[in-house]
Number of protein chains: 2
Amino acid sequence: MGFREHLQDVCRSCDGAVACTLMGVDGIEVDTHVTDGGGIDVKNLLVEYSSLFRTAREAAEAHEAGGVAELSISTERLVTVARLVTPEYFMAVALTPEGNFGKARYLLRVTAPKLRSEL
Amino acid sequence: MGFREHLQDVCRSCDGAVACTLMGVDGIEVDTHVTDGGGIDVKNLLVEYSSLFRTAREAAEAHEAGGVAELSISTERLVTVARLVTPEYFMAVALTPEGNFGKARYLLRVTAPKLRSEL
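Note that the structure is a prediction, hence the values are computed from the model and not measured. (Residues numbered from 1 in each chain as written. Chains lettered and ligands numbered in written order. Predicted model: local features only at pLDDT ≥ 70, side-chain atom pairs only at ≥ 80, totals over all residues. Heavy atoms only, no water.)

Caption draft 1: Expanded view of the packing of aromatic side chains. Evaluation of the coordinates by the stated rule reveals two aromatic pairs over all chains. Judged by centre distance (4.9 Å) and plane angle (40°), the ring pair of Phe 53 of chain A and Phe 90 of chain A falls under tilted. One end of the pair, Phe 53 of chain A, is in helix H2 (residues 42–62); the other, Phe 90 of chain A, is in strand E5 (residues 89–95), with 37 residues separating them in the sequence. Taking the relative accessible area as the measure of exposure, Phe 90 of chain A reaches 2% and is therefore buried. Over the ring of Phe 101 of chain A we find Arg 105 of chain B; its NZ or CZ atom is 4.5 Å from the centre of that ring. (Phe/Tyr/Trp six-rings, centres within 6.5 Å; stacked < 30°, edge-to-face > 60°. Helix = DSSP H or I, 4+ residues; strand = E, 2+ residues; numbered from the N terminus. Buried < 20%, exposed > 50% of the residue type's maximum accessible area, 1.4 Å probe, protein only. Lys NZ or Arg CZ within 6 Å of the ring centre and 35° of its normal.)

Caption draft 2: Expanded view of the sheet that holds E5 of chain A. Pairing is antiparallel across the open sheet formed by ten strands, whose spatial order is E2(A)-E1(A)-E5(A)-E4(A)-E3(A)-E3(B)-E4(B)-E5(B)-E1(B)-E2(B). Sheet topology places strand E2 (29–34) of chain A together with strand E2 (29–34) of chain B at the edges, where each strand pairs with a single neighbour. Taken over all neighbouring pairs, the strand axes of this sheet differ in orientation by 10° on average, direction set aside. For strand E3 (residues 68–75) of chain A and strand E4 (residues 79–86) of chain A, the ladder comprises five bridges, and the chain directions are antiparallel. Note that in E4 of chain A the partner of Ser 72 of chain A across the bridge is Val 81 of chain A. On top of the sheet, helix H3 (residues 101–116) of chain A reaches strand E1 (17–24), E3, E4 and E5 of chain A; it is set at about 20° to E4 of chain A, its chief contact. Sheet contacts for helix H1 (residues 3–13) of chain B: strand E1 (17–24), E2 and strand E5 (89–95) of chain B; angle to E2 of chain B, the most-contacted strand, approximately 40°. (Pairing = 2+ DSSP bridges. Axes fitted to C-alpha atoms, helices over the stretch in contact; angles between N-to-C directions. Contact = heavy atoms within 4.5 Å.)

Put into C-alpha cells, the structure is as follows:
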C-alpha cells in the first residue's frame, strides 16, 4: 500500500475530512490527498502550518518539554490535526469544524507507524 | 472574581493541569498560575508558544480559513491547549500527558467568555 492509499483511507474513514498529507517538517510535501477544500487553499495552508512544528520543537527543546508529538489548529472554517511520523516528516488531516476531530487524531495515531515503516 | 481566581479554578478542575495563563498574542502575560512545572519552565514555554498563534493567524488569513480559535501542542512531557479570548489575548492550560485533555478544552471554552468580559 503506497502513501497515497493510506492518505485516501484516512479521508474516507473520517467524517468531515477534506485533506490528508504527508509532509516534511521543512514544508515540502511527499504526497497530499485533497477531497474538497471548500474554497480554502488547503495544500498551501498545510505548507505554512509546517513552520508551527519547527517553532514548537525549538521552544519545547529549549524548555526541556521533550519532542513534539502532535499539533492541532482550529480556525473558523478548518480544523487541522498533525502528528510527527519521524523527526523529519509529519502527517496531517484537515477537516471541517463539524468533522470528527477525535477520529482524525485516532487515525493519525494508527496510520503514522504504517507510513514510518515505508519512509 | 479576578483573572487569577479563574486561572486557579481551571487548574483545580482539570486532572493533570500544571499551569493556566492569560496572555497577549504578543507573548506578554496578563497573569499565570503555575501549580507544578515538574522541572519544565512552563511560563517561558508558553511565552514562546504565543508565536504559534501569530504564525497560524497569518497563514489562516492568507488562505481564507478564517480566524484562529484554538491551538494545541503535545510534547513528550507536556500537553498545552490554548484558546483565543479576544483577537489580542489567549488563555492556555498546560497539563501532563496523562492529564484530561478534553476537560482542559472544555474549561477553556467556558472560562474564556468570563475573562473576555473583564478584559
